[in-house]
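Reading the structure
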Amino acid sequence: MLTGYADLNAVMDSVNEGEIYRYITKPWQNDELKKIVNKATEIAQQTQEITQNSIKNDATQNRVNSGTVSNRHILVLDDDESVYQQIKIHFKSAYTVSWASNLEQAAKLLQKKRFGVTITDSTLNKENITPIVYALKNIQPDLMVLMLTEFKDAHMVIDLINKGQVYRCLPRPTNFSIMSISLDRAFDHHERLVQQPILAARHHVEEVPELEAFNFSERLKGFFAKFRGWRISR
């Protein structure tokens, strides 16, 4: 999507309804635009043989084979335990819900268990953790990320699209009806990507610039480096 303005509602809709690959604001840089278009074209050519019918059939089969509580794991990454408790209560019959209140706990859980969906805020203990989201999508493209936060800045959402390929942006306070629909679709999409790994190319994310990484706190730099260097072996 190429646009001359960054209206927050329009950007949110582009994530939640359009599932776009990149969001580019005017004025653009020609070299950068060519690079993005070339990459998007390359991905489209790689995945064009995967038809919509076969995708739907795969998703249906995945629900039959994998749609059990034991196979659908959610990681809630939030420093507010009440958020976790509410999500667990609402979805305990459909999903297995785990909770991490800090990055140390999240790293341990991610190394022990394969999660299909993570629900996270953009901040954790008053620190911006969106770079960790970017790193996670680099190492596990089939991880569906639902951002649950108070969205105020359209440019932050644009970064979440371009660098994190987030699946949905859900504003606080939580609407559990909308979250339920988003979770069901997110797991369907996750299982589709597991079944057809080539489709993960559609969720290719941009590298975080070194200058941006340099501005992280020392603590966040350590975790960012750890996640960037970590590969899931399962």
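Rules used throughout
- Residues numbered from 1 in each chain as written.
- Predicted model: local features only at pLDDT ≥ 70, side-chain atom pairs only at ≥ 80, totals over all residues.
- Heavy atoms only, no water.
- Phe/Tyr/Trp six-rings, centres within 6.5 Å; stacked < 30°, edge-to-face > 60°.
- Buried < 20%, exposed > 50% of the residue type's maximum accessible area, 1.4 Å probe, protein only.
- Helix = DSSP H or I, 4+ residues; strand = E, 2+ residues; numbered from the N terminus.
- Contact = heavy atoms within 4.5 Å.
- Pairing = 2+ DSSP bridges.
- Axes fitted to C-alpha atoms, helices over the stretch in contact; angles between N-to-C directions.
- Salt bridge = Lys/Arg side-chain N within 4 Å of Asp/Glu carboxyl O.

Applying the stated rule across the entire model yields four aromatic pairs. When the centroid spacing of 6.1 Å and the interplanar angle of 55 degrees are considered together, the rings of F91 and Y95 count as tilted. Judged on exposure class, the residue F91 and its partner Y95 are both buried. Taking 4.9 Å as the distance between ring centres and 15 degrees as the angle between the ring planes, the aromatic pair formed by Y95 and F187 counts as stacked. One end of the pair, Y95, is in the loop between α4 (81-91) and β4 (96-100); the other, F187, is in helix α8 (residues 176-195), with 92 residues separating them in the sequence. Assessed through its relative accessible area of 7%, Y95 is described here as buried. Ring pairs connect the aromatic residues F91, Y95, F176 and F187, which therefore count as one cluster.

With that settled, consider the side chain of T3. For T3, the position within the fold is in strand β1 (residues 2-3). Each residue touching T3, except ones within four places of it in the same chain, is listed here: Y23, I24, T25 and K26.

On to the sheet that holds strand β8 (residues 144-149), then. The parallel open sheet is built from five strands, whose spatial order is β4-β3-β5-β8-β9. Each having just a single partner strand, β4 and β9 (168-171) make up the two edges of the open sheet. Adjacent strand axes in the sheet meet at a mean angle of 20 degrees when their direction is disregarded. The sheet contact formed by strand β5 (residues 117-120) and β8 spans four bridges and is parallel. When the bridges of β8 are listed, T120 appears paired with M147. Against the sheet, helix α5 (residues 103-112) engages β3 (73-77) and β4, with an angle of about 145 degrees to β4. In this fold α8 packs onto β3, β5, β8 and β9, with an angle of close to 155 degrees to the strand it touches most, β8.

A few words on the pattern of salt bridges. Within this structure, the stated rule accounts for seven salt bridges. In this structure, D142 engages R114 in a salt bridge whose closest nitrogen and oxygen atoms are separated by 2.6 Å. A residue pair is termed long-range when its members are at least 10 positions apart, and D142 in the loop between α6 (130-139) and β8 and R114 in the loop between α5 and β5 qualify at 28 residues. With relative accessibility at 9%, the residue D142 sits in the buried group. You can call R114 partly exposed: its relative accessible area is 31%. Measuring nitrogen to oxygen at the nearest pair gives 3.1 Å for the salt bridge that ties D121 to R172. Of this pair, D121 sits in the loop between β5 and β6 (123-124) while R172 sits in the loop between β9 and α8, and the two are 51 residues apart along the sequence.

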